[in-house]
Amino acid sequence: MSPSVLDQIIVGVRADMAERQATTGLAELRERALARPAALDVLSRLRAPGLSVISEVKRSSPSKGALATIEDPAALAARYEQGGASVVSVLTEQRRFNGSLADLDAVRERVGIPVLRKDFVVDPYQVWEARAHGADLVLLIVAALDDELLRSLHDLVVELGMAPLVEVHTPEEAQRATALGAELVGVNNRNLKTLEVDLAQFGRLVGLLGQDTVKVAESGVLTPADAALVASQGADAVLVGEALVRHGDPTAAIRAMVAAAAATSQED
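The structure presented is a predicted model; accordingly, all values stated were derived computationally and were not measured.

(A) Fine view of the nonpolar core. Counting residues in hydrophobic clusters, the biggest one holds 91 residues, and the most contacted among them are Tyr80, Met162 and Leu184. At 6 residues, helix H1 (residues 5-23) tops the list of elements feeding residues into this core.

(B) Seen up close, the pairing of strand E5 (residues 115-118). What you see with E5 is no split at all: Val115 and Arg117 on one side and Leu116 and Lys118 on the other are buried throughout. For the handedness criterion, the β-α-β arrangement of strand E4 (residues 87-91), helix H5 (residues 101-110) and E5 is classed as right-handed. As defined by bridge partners, E5 adjoins strand E6 (residues 137-141) across 2 bridges and the pair is classed as parallel. By the bridge assignment for E6, Leu116 is matched with Leu137. Handedness of the crossover joining E5 and E6 through helix H6 (residues 124-132): right-handed.

(C) Molecular detail of the sheet that holds strand E10 (residues 237-240). Taking strand neighbours around the barrel as the criterion, the 8 strands line up as E1-E4-E5-E6-E7-E8-E9-E10 in a closed arrangement whose pairing is parallel. Shown here is a sheet whose adjacent strand axes are inclined to one another by a mean of 25°, direction ignored. Bridging between strand E1 (residues 52-57) and E10 involves 4 bridges; their strand directions are parallel. Each bridged residue has a counterpart across the sheet, and for Ser52 the counterpart in E10 is Ala237.

(D) Main features of the pattern of salt bridges. Taken as a whole and assessed by the stated rule, the structure comprises 11 salt bridges. With its nearest N and O atoms 2.9 Å apart, the salt bridge here joins Asp16 to Arg95. Of the two residues, Asp16 is situated in helix H1 and Arg95 in the loop between E4 and H5; the sequence distance between them amounts to 79 residues. Given a relative accessible area of 7%, Asp16 falls into the buried group. The closest approach of N and O atoms between Arg117 and Glu129, which form a salt bridge, is 3.0 Å. Within this pair, whereas Arg117 is found in strand E5, its partner Glu129 is found in helix H6, the two being separated by 12 residues in sequence. Taken as a pair, Arg117 and Glu129 share a single burial class, namely buried. Each member of the salt-bridge network shares a partner with another, and the members are Arg20, Arg117, Asp119 and Glu129.

Reading guide: rules and limits
- Residues numbered from 1 in each chain as written.
- Predicted model: local features only at pLDDT ≥ 70, side-chain atom pairs only at ≥ 80, totals over all residues.
- Heavy atoms only, no water.
- Core = buried A, V, L, I, M, F, W, Y, C linked by side-chain atoms within 4.5 Å.
- Buried < 20%, exposed > 50% of the residue type's maximum accessible area, 1.4 Å probe, protein only.
- Helix = DSSP H or I, 4+ residues; strand = E, 2+ residues; numbered from the N terminus.
- Right-handed = clockwise from strand over helix to strand, strands pointing away.
- Pairing = 2+ DSSP bridges.
- Axes fitted to C-alpha atoms, helices over the stretch in contact; angles between N-to-C directions.
- Salt bridge = Lys/Arg side-chain N within 4 Å of Asp/Glu carboxyl O.

Structure follows, in structure tokens:
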């Protein structure tokens, strides 16, 4: 059986991490991480009334290739914040997404809202790295981790004061996230092994998550109508990248998604 797209990405992630480890040891990274100001509170923001938007700085993707030329990620993040985004997500994977930790640094310096390090985290080194670069949240993809590693990474993220965004795509993964006690769970409508997107996946899985879990719909949310749909199904937040980086006015696009979700809620 040939390796999945996810497997291929992780091979590259490990190779790139090894290069960084050769120049920055864990001891130095820990020192930098512990010297940072405390991470911002994320969960209370995402539990606030209305639909929250996690807006993504995303140049490329494995499924679509190049999405946008983002010469100034900090300026884009500032426009997201102006539009009312609750969190800015920054891709730091370099081979398939053309991201970097430098993007994370630039965004963290510019915005006052929480910042998510979005990457394929498979090693504690990356968690310490996220905190050292100012991240407030770290993505943990259940499909990429066995239960033991998932729990150890989850616990380390929490220990460092950040919030783990635990990502699931199948009923089995949703059950694993629930067993973990994850407070913040993202349902990815994209299958990371095939890259196919099905917006209906959120509606299928949301009922498997705990009532008090903060629920995020990821991938396939392209329009205000999409945002309103997943909000009506129980999403507390949407993670949106492609639709914003390709939009001429991302500030207005975020406002439109929040407004559409609010209008649907009033109708109910």
